[in-house]
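Listed below, chain by chain, are the residues.
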Amino acid sequence: MARVLENFGKDLLKENGVPTPEFSVAATPQEARRAAEKIGYPVVLKALVTAGKRGKAGAVRFASSPDAAAKAAEEILTMTVHNFPVRRLLVEKKLDISQELYVSITYDPVQMGPVIIASTAGGIDIEEIAAAHPEKMLKYPVDILKGFNLYEAKEIWSDLGLQGGILQKATNILGRLYQLFIKYDCTILEINPLALTPKAGLIAAAILMGVDDDALYRQTYFSEKVEAGSDRAWRPLTDLEKEMIEVDKTEAYRGTARYTEMEGGNIGFFCGGGGGSLLSYDALLRFGGKPANYTEFGGNPPEAKVKGLVKGVLSKPGVKGFYMNLNITNNTQTDIVARGIIGAFKDLNIDPEKFPAVLRLAGVHDAEARRLCTAAGLEYHGDDITMEDTARIIVEKMKKAFPGETD
Amino acid sequence: MAILVDKNSSIVIQGITGREASMVTQHALAYGTKIMAGVTPGKEGQNVEGVPVFDTLKRACKEFEINTSVVYVPPAFAYDAVMEAVGNGIALIVIITERIPQQDAVRFLAAARQNNCTIVGPNSVGVITPEDKVKLGAIGGDNAARCFVSGNVGVISRSGGMTAECAWMIKQAGFGVSTCVSIGGDTLIGSPPKNILGMFEDDPMTKAVVMWGEPGTGYEEEVAAFVKDKGFTKPLIAYIAGRFVEEMPEGTVFGHAASIIEGDYGKPSVKMAHLRDAGCHVAENFNDIIPALQNVMA
């Protein structure tokens, strides 16, 4: 999923007929001050980052004067919210709110379809609503083939106790939100709160929006606006991670890989398959190993891609060993993987004699993989031992080569 | 007997002329699987490894009695290909394609439910029944017997690669497999583990099941509830990978797209506790699958 920044999300709401507070984006305290002047006080200033729970992190402030707005902006702009440094902020009209509603639309893996959650106890996290006010919350599965009719939106809010003008407004907004969810291939669309204001009626005060990475090819509105996979990390991508994305993009349809840098560690981790890599990492930790990164790959990558990825894995400072563990492959050619790894070691002038490395490469063309690895001086294993056994071997090798670095 | 595929499977491959699909066709034919036809629009009259190619599934179904389709069509066209299979009344549709937009998946899954079609995948590596030499998808590659030998253990896996590794572990333990199902690594799939388990319950050939689980989703929890309710009464050996993910900041995803933890939802430790509580054999280490299997099959 690609997280959509609040300003882009609110632009889309406006375009699709859902009212939002007046807002402006600012990158400096001076810009924030000017924006606040234009919007009129009081204003709310929010860090413009893709991380959630900004309020709890102190990255949402209120201001009633130009100086207060500039000061709040200055403070927010020096913050790092859940590891994301703040570069810009949203300056927005502070609403006079009399009631807060909640609404979200996601795909539910039990219903295998869209599910709407609505509540008349908005303004707090949905988990808190569920715990404190279950009677004020409603979960409604949508039949995606039939679509979502306006009367269904009306029933949802009516069942939650809304009446009169607010019922009609909430019905219209929910109908529009569902259309927006479908139209933009969202994976999540949450408005919390959907605020009732005495003057302006219902307004979408805050939005959380995620777009399906796999639909970005047809959602051109978001090109340059979102980062694919931005929900997968707990911090912004590092330079090496960005480089590895570029490596992965070469011959995009042959083999996929994902690289994540871990804190510290000394074992370069290059393991196979979405599942096999999980097992390999668990096993390393269990035996007392310290992986420095996490690379999973699969889908029969070409030699050049493997080489580029392995060079990245080995180039992280502190990496003193290499672990490649792969399940017995269905279609990945192990000889090609072996060639890529050997090429990376050569390019980086790494002497396998002095650099602990363990490879398990079983499956398609593994006789050749064994021959290549053995000739290059890399410890090769095929399907003679299990995936967990190789984890034990690399950890023992590391402990022997670098006593005192483990545990 | 077995589940999903057997000697009565009459197979079509949608997108057969693609690089990967042609190779898979070659491997499947060499294994002994009967593939009746392929579909690629604009390529009718050609053949892939002797398998005739048609422009439409409708024409292929006119020539042959097809009951099973394997979808190898690229993501942008996969929705229509699956709808074509549903529209032509194909009973089993195995979707290999990765990275299909979620909205498309939800739509064809709903259409399949309405038309009583079974979907396996998306993002599956395939299904194999060694007894009848039937394999759909890349599963087993060009040397299926290395991992997949006929026997009485069923395999359900959220990981394509680990489907083969699980079957190999079963072979190491001295047994073989009835049917192995790679259910797909996505969140929105046609056949969650519980559904497959129900099929294994009704299959006399299957005496026990090995299940590969991962973080994220409620699939393993559903399985635990299903076992508790006596929906599945044979021995179930489960391994849940990715326990380290629990120690990472919430929302971090490693491995498949579906492996996201939110609160307690999706935690391997929680899944393991549920499964243990239901009386399943939960392997602490992957290696433990071997003794656990020898134990229950004795």
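Residues numbered from 1 in each chain as written. Chains lettered and ligands numbered in written order. Predicted model: local features only at pLDDT ≥ 70, side-chain atom pairs only at ≥ 80, totals over all residues.

Peer 1: Let's hear about the overall build of chain A: which residues, and what values?
Peer 2: Scanning chain A from terminus to terminus reveals 12 helices and 19 strands. Viewed in the frame of its principal axes, chain A has a C-alpha envelope of about 80 × 50 × 40 Å. In chain A, which comprises 407 residues, the share counted as buried stands at 50%. The long-range share in chain A, meaning contacts at least 24 apart out of those at least 6 apart in sequence, stands at 71%. (Helix = DSSP H or I, 4+ residues; strand = E, 2+ residues; numbered from the N terminus. Buried ≥ 20, exposed ≤ 12 C-beta atoms within 10 Å, placed from the backbone. Contact = placed C-beta atoms within 7 Å.)

Peer 1: Tell me about the domain arrangement of chain B, and name the residues and values.
Peer 2: Residue and element names in this part refer to chain B. Along its sequence, chain B is carved into domain 1 (1-124) and domain 2 (147-298). Of note, the centres of domain 1 and domain 2, computed from C-alpha atoms alone, are 26 Å apart. On the domain 2 side, the residues contacting the 17 residues of domain 1 number 18 residues. For the side of domain 1 that touches domain 2, the secondary structure elements donating two or more residues are α4 (102-114) and β7 (118-120). With five residues, α4 is the single largest residue contributor to the side of domain 1 that touches domain 2. (Domains from an automatic or database assignment.)

Peer 1: Outline the interface of chain B and chain A, supporting the account with residue identities and numerical values.
Peer 2: The interface is formed by 51 residues belonging to chain B together with 46 residues belonging to chain A. Secondary-structure elements contributing two or more residues to the side of chain B that touches chain A are α3 (75-87), α4 and α5 (160-172) of chain B. The biggest single contributor to the side of chain B that touches chain A is α4 of chain B, with seven residues. Within the side of chain B that touches chain A, the residues separate by chemical class into 24 nonpolar, 19 polar and eight charged. (Nonpolar A, V, L, I, M, F, W, Y, C, P; charged D, E, K, R; others polar.)

Peer 1: So what's going on with the domain arrangement of chain A? Residues and values would help.
Peer 2: Assigned domains of chain A: these are domain 1 (23-93), domain 2 (99-222) and domain 3 (239-401). The gap between the C-alpha centroids of domain 2 of chain A and domain 3 of chain A is 44 Å.

Peer 1: Which residues make up the sheet that holds strand β15 (residues 267-272) of chain A, and what are the values?
Peer 2: All names here are of chain A. If you walk across this open sheet you meet the six strands as β14-β16-β15-β17-β18-β19, and the pairing is mixed. The sheet is open, and its two borders are formed by β14 (256-261) and β19 (379-381), each paired with just one other strand. The average angle at which neighbouring strand axes cross in this sheet is 15 degrees, direction not considered. Here strand β18 (residues 357-360) runs beside β19; their pairing, made up of three bridges, is parallel. Counterpart to Leu-359 in the pairing with β19 is Tyr-380. Its contacts with the sheet place helix α9 (residues 303-315) against β14, β15, β16 (293-298) and β17 (321-325), and it is angled at close to 150 degrees to β15. (Pairing = 2+ DSSP bridges. Axes fitted to C-alpha atoms, helices over the stretch in contact; angles between N-to-C directions.)

Peer 1: How would you explain unusual backbone geometry if you had to name every residue and give the values?
Peer 2: Omega for the peptide link from Tyr-41 of chain A to Pro-42 of chain A comes to -5 degrees, which places this bond in the cis form. A cis geometry characterises the amide bond from Asn-192 of chain A onward to Pro-193 of chain A, with omega recorded as 5 degrees. One can find Pro-193 of chain A in strand β11 (residues 186-197). Its identity is not glycine, yet Asn-116 of chain B carries a phi of approximately 55 degrees, on the positive side.

Peer 1: Report on the sheet that holds strand β2 (residues 23-26) of chain A, specifying residues and quantitative values.
Peer 2: Residues and elements named next belong to chain A. Pairing is antiparallel across the open sheet formed by four strands, whose spatial order is β2-β7-β3-β4. The open sheet has two free edges, formed respectively by β2 and β4 (60-63), since each of these has just one partner strand. Each strand axis lies, on average, 25 degrees off the axis of its neighbour in the sheet, ignoring direction. Taken together, the five bridges between strand β3 (residues 43-47) and strand β7 (residues 89-93) define a ladder with antiparallel strand orientation. Bridged to Val-44 within β7 is Glu-92. Across the face of the sheet, helix α1 (residues 6-15) comes into contact with β2, β3 and β7 while running at roughly 155 degrees to β2.

Peer 1: An account of the packing of helix α8 (residues 274-286) of chain A against helix α12 (residues 387-401) of chain A is requested, with residue identities and associated values reported.
Peer 2: Residues and elements named next belong to chain A. α12 packs onto α8 with a crossing angle of 40 degrees between their chain directions and a minimal axis gap of 9 Å. With respect to α12, the axis of α8 lies oblique. α12 is crossed by α8, and the crossing has right-handed handedness. Every residue of α12 that contacts α8 at Gly-276, Leu-279, Ser-280, Ala-283 and Leu-284 is listed here: Met-387, Glu-388, Ala-391 and Val-395. Across the contact of α8 with α12, the residue classes break down as six nonpolar, two polar and one charged. (Parallel < 35°, antiparallel > 145°, perpendicular 65-115°, else oblique. Left-handed = near helix turned anticlockwise from the far one by under 90°.)

Peer 1: Let's hear about the pairing of strand β4 (residues 51-54) of chain B: which residues, and what values?
Peer 2: Side-chain direction in a regular strand flips from residue to residue, so the side chains alternate between the two faces of the sheet. All names here are of chain B. Across two bridges, strand β2 (residues 35-39) lies against β4 in parallel orientation. When the sheet's bridge partners are listed, Val-39 is paired in β4 with Phe-54. With two bridges connecting them, strand β3 (residues 47-48) and β4 associate as antiparallel partners. Opposite Asn-47, over in β4, you have Pro-52 as the bridge partner. Hairpin connection between β3 and β4: a loop of two residues separates the two successive antiparallel strands, and Glu-49 in this loop has a positive phi of roughly 55 degrees.

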